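Spelled out from the first residue to the last, the chains are:
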Amino acid sequence: MNDFKLDNEPKITSGFKAPEGYFDTFPDKILLQLPKQESKVISIFSSKRTWYLAAAAVMVLLLSVPLYNQYVLNQETVDATVLEDYLAYNTSVSEDEIVNLLNKEDLEKMKVDFNLQDKDIEEALESNANLEQYILD
Amino acid sequence: MNHDDADDVLQNTFVKVFQYLKDFKGESKLFSWMYRIATNEAITFINQKAKRNGTTSEAMQSKIVDNLKADTYFDGNEIQFKLQKAITLLPEKQQLVFKMRYYEEIKYEAMSEILGTSVGALKASYHHAVKKIEDFMKTN
């Protein structure tokens, strides 16, 4: 040991060791000593109840899809011309009855619809073979 | 120091780290900041223990090292034991620098950040420490 040089010696370690598993339990020891946090944050996905509710909601949605489709099919809109034809050919409603059902306002509207131009009237009269007869009469 | 003391200091250190983490400004590396807390905790612990026993820090350390061979968690050989003994005879600052440099192999730059001392002063401290240790090892 007379010419002891630290750098010439093989590395001398401290010789201390930690008990087995010391660092495995260390984090838990520390966590126990930490002051409790004011408000604990609870994740909405942590509770079992939430999962049951979510599953139930999904089931309800899945089951309601066929029902909804059925409902939509039943609500199919009737084509206007089909309806008109049906009313024209398949009902026993007489024209008088329809006229009675119409009020003044409806009749005003119809007047607008039948707003005939003079030209149209002329054409109609010209194409009528009995026109001359009418005039003579 | 025995294992229970080291355990106490380490626990105090980590509790402090958690408590003051929000105040950590990132001016130094996290490692340096934690190491500084650990160093302060260790020194405070030794001084408090010496005070409780009505003795000085140096006298207490010398007593501890004499009992080192009986320590369950020290399984060093003769040369390791002798080095520990030599270290306890150093002044506090030199002990710290020597342990950090020789055992922990912490770079001077990092050590400077931890201890708030210039690299030049740290190198000088280490040099003195090594000289004294080598002298002790030669004569004992």
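Note: the structure precedes this text.
Model, not experiment: these values are computed from the prediction.

## Overview of the nonpolar core
In step 1: Core analysis: the biggest nonpolar cluster contains 25 residues, and A:Leu6, B:Leu83, B:Phe98, B:Tyr102, B:Met111 and B:Ile133 have the highest contact counts within it.
In step 2: Mapped by element, the contributors of at least two residues to this core are helix H4 (78-88), helix H5 (92-103), helix H6 (108-115) and helix H7 (119-139) of chain B.
In step 3: Broken down by element, this core gets its largest block of residues, seven residues, from H7(B).
In step 4: Listed in part, the five residues of the second largest apolar core include A:Tyr22, A:Phe26, A:Leu34 and B:Val15.

## Considerations on a negative patch on the surface
Residue and element names in this part refer to chain A.
In step 1: Taken together, Asp118, Asp120, Glu122, Glu123 and Glu126 make up a surface patch of like negative charges.
In step 2: Mapped onto the elements of the fold, glutamate 126 is located in helix H6 (residues 118-126).
In step 3: Residue class for glutamate 126 comes out exposed when judged on its relative accessible area of 62%.

## Some points on the pattern of salt bridges
In step 1: Evaluation of the coordinates by the stated rule reveals eight salt bridges over all chains.
In step 2: Among the salt bridges present, the one from B:Lys49 reaches B:Asp5, with a minimum N-O distance of 2.7 Å. With a gap of 44 residues between them, B:Lys49 in helix H2 (residues 30-52) and B:Asp5 in helix H1 (residues 3-20) connect regions that are remote in the sequence. As far as the burial class goes, B:Lys49 and B:Asp5 line up, both buried.
In step 3: A salt bridge links B:Lys85 to B:Asp66, with the nearest nitrogen and oxygen atoms 2.7 Å apart. One end of the pair, B:Lys85, is in helix H4; the other, B:Asp66, is in helix H3 (residues 57-66), with 19 residues separating them in the sequence.
In step 4: With relative accessibility at 43%, the residue B:Asp66 sits in the partly exposed group.
In step 5: A single salt-bridge network, built from bridges that share partners, covers A:Lys5, B:Lys131 and B:Glu134.

Each value, and the rule that gives it
Residues numbered from 1 in each chain as written. Chains lettered and ligands numbered in written order. Predicted model: local features only at pLDDT ≥ 70, side-chain atom pairs only at ≥ 80, totals over all residues. Heavy atoms only, no water. Core = buried A, V, L, I, M, F, W, Y, C linked by side-chain atoms within 4.5 Å. Buried < 20%, exposed > 50% of the residue type's maximum accessible area, 1.4 Å probe, protein only. Helix = DSSP H or I, 4+ residues; strand = E, 2+ residues; numbered from the N terminus. Patch = residues over 30% accessible without salt bridge, like charges linked within 9 Å, V, L, I, M, F, W, Y side chains within 5 Å. Areas by Shrake-Rupley, 256 points an atom, 1.4 Å probe, with all protein chains shown as cover. Salt bridge = Lys/Arg side-chain N within 4 Å of Asp/Glu carboxyl O. Lys, Arg positive; Asp, Glu negative; His and termini not counted. Charge placed at Lys NZ, Arg CZ, Asp CG, Glu CD.

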